[in-house]
Amino acid sequence: MDIKKGSVLITGASSGFGLATAKRFLSEGIRVIAIARRMERLNELKEEHGDQVLVGTVDVRNKDEVEGFLSKLEEPFSNIDCLINNAGLSLGFGPAQSNSLDDWEQIIDTNIKGLLYCTHAVLPSMIKKDRGQIINIGSIAAYYPYVGGNVYAASKAFVNSFSLNLKSDLTGTGVRVCCVAPGMSKTEFALVRFKGDQSKANALYSGKEYLRPEDVAESVYWCYAAPAHVNINVLEVIPTRQHFSLGFPTVTG
């Protein structure tokens, strides 16, 4: 398969893993469809890479927006060879008994439903072509519990389990499925989790080794660029000095 003939759809592409992954694929001459909710960030990517990238404001939590955007794609971007389900978040921090139900619902709507909407939309064409790949961005939180992880960690456990079960369903086809599970990484994730409190976000990383968005993007690209007969089921990626727990209990509030 010539990986440069198709396009790669990346959700949550305006920052963090998504933006770094978009740039990594673009550096290889691969067309990218970058979607997110913040168009100003996407426009910067468009200005830098021109016709090699197609950008769109899409909220993956909205099934109609997802389906409407994808149904209107034209060549050469309509030939989606890879979907990278990156859009995700965590809101609030603390034990389950003190969390907001509204925060939990936003996590579920983004991390689970958004992933399902995008996957369901691209699968038929991949199966018809008998090729393609879905790469889901999970987290080591899916495997190693920590205080305050609750619904976020559970949502990533869903991502891991869905990835493996989807691969089972696609047995006999040329469609690959992979879950990339990063450990502690420095992006806007913590700032969102602590609802804009920069001091709490900074404290999370203080004195710790962490992954950069570019590290995760490289891991994603490695899975994508593997030979077509090779499927990477799950790839855990953590900083060398990190233990398996994310270490959030050191942060108060």
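Residues numbered from 1 in each chain as written. Predicted model: local features only at pLDDT ≥ 70, side-chain atom pairs only at ≥ 80, totals over all residues. Heavy atoms only, no water.

The test is simple: UniProt positions are given in the numbering used here, feature names are shortened, and annotations may be inferred rather than shown by experiment.
Under an unreviewed UniProt entry, the name given to the chain is SDR family NAD(P)-dependent oxidoreductase, and the organism recorded is Marinobacter halodurans. Checking UniProt for the chain, the heading Sequence similarities (unreviewed entry) contains the comment "Belongs to the short-chain dehydrogenases/reductases (SDR) family."

Things to note about the sheet that holds strand β6 (residues 175-182)
For clarity, the cut-off: Paired strands, in this sense, are two strands between which DSSP finds at least two bridges. Each helix corresponds to a stretch of at least 4 residues labelled H or I by DSSP, and each strand to a stretch of at least 2 residues labelled E; elements are numbered beginning at the N terminus. Axis definition: a line fitted to C-alpha atoms, over the contacting stretch in the case of helices. Angles run 0 to 180 degrees between N-to-C directions. Note on contacts: a residue pair qualifies if any of its non-hydrogen atoms lie within 4.5 Å across the two residues.
Read from one edge of the open sheet, seven strands run β3-β2-β1-β4-β5-β6-β7, paired in parallel fashion. Two strands bound the open sheet, and with one partner strand each, they are β3 (53-57) and β7 (234-237). The mean inter-strand angle of the sheet, taken between neighbouring strand axes irrespective of direction, is 15 degrees. Here strand β5 (residues 132-137) pairs with β6 via six bridges, running parallel. The partner of G132 across the bridge, within β6, is V175. Strands β2 (31-36) and β3 of the sheet are contacted by helix α2 (residues 39-49), whose axis makes an angle of about 170 degrees with β3.

Looking at the pairing of strand β1 (residues 7-11)
One face of the sheet, then the other: side chains in a regular strand alternate in exactly this way. Under the convention used in this document: The classification of residues rests on relative accessible area computed with a 1.4 Å probe and restricted to protein chains. Under 20% of the type maximum is buried, over 50% is exposed, and intermediate values are partly exposed. Looking down the strands as they point away from the viewer, one classifies a crossover as right-handed if the path from the first strand across the helix to the second runs clockwise.
Among the five residues of β1, five are classified as buried, and the element is accordingly described as predominantly covered. Side chains of β1 alternate between two faces, with S7, L9 and T11 and V8 and I10 buried alike. Inspection of the sheet shows β1 paired to β2 by five bridges, in the parallel sense. Residue pairing across strands places T11 opposite I35, the latter belonging to β2. Read from β1 through helix α1 (residues 16-26) to β2, the crossover connection turns out right-handed.

Structural notes on the nonpolar core
Selection rule: We define the nonpolar core as a collection of buried residues of types Ala, Val, Leu, Ile, Met, Phe, Trp, Tyr and Cys that are connected through side-chain atoms lying within 4.5 Å of one another.
Counting 30 residues, the largest nonpolar core has F25, I84 and I135 as the members making the most contacts within it. It is helix α8 (residues 213-225) that provides the largest number of residues to this core, a total of five residues. Grouped together as the second largest cluster of nonpolar side chains are 21 residues, F69, L73, L123 and L170 included.

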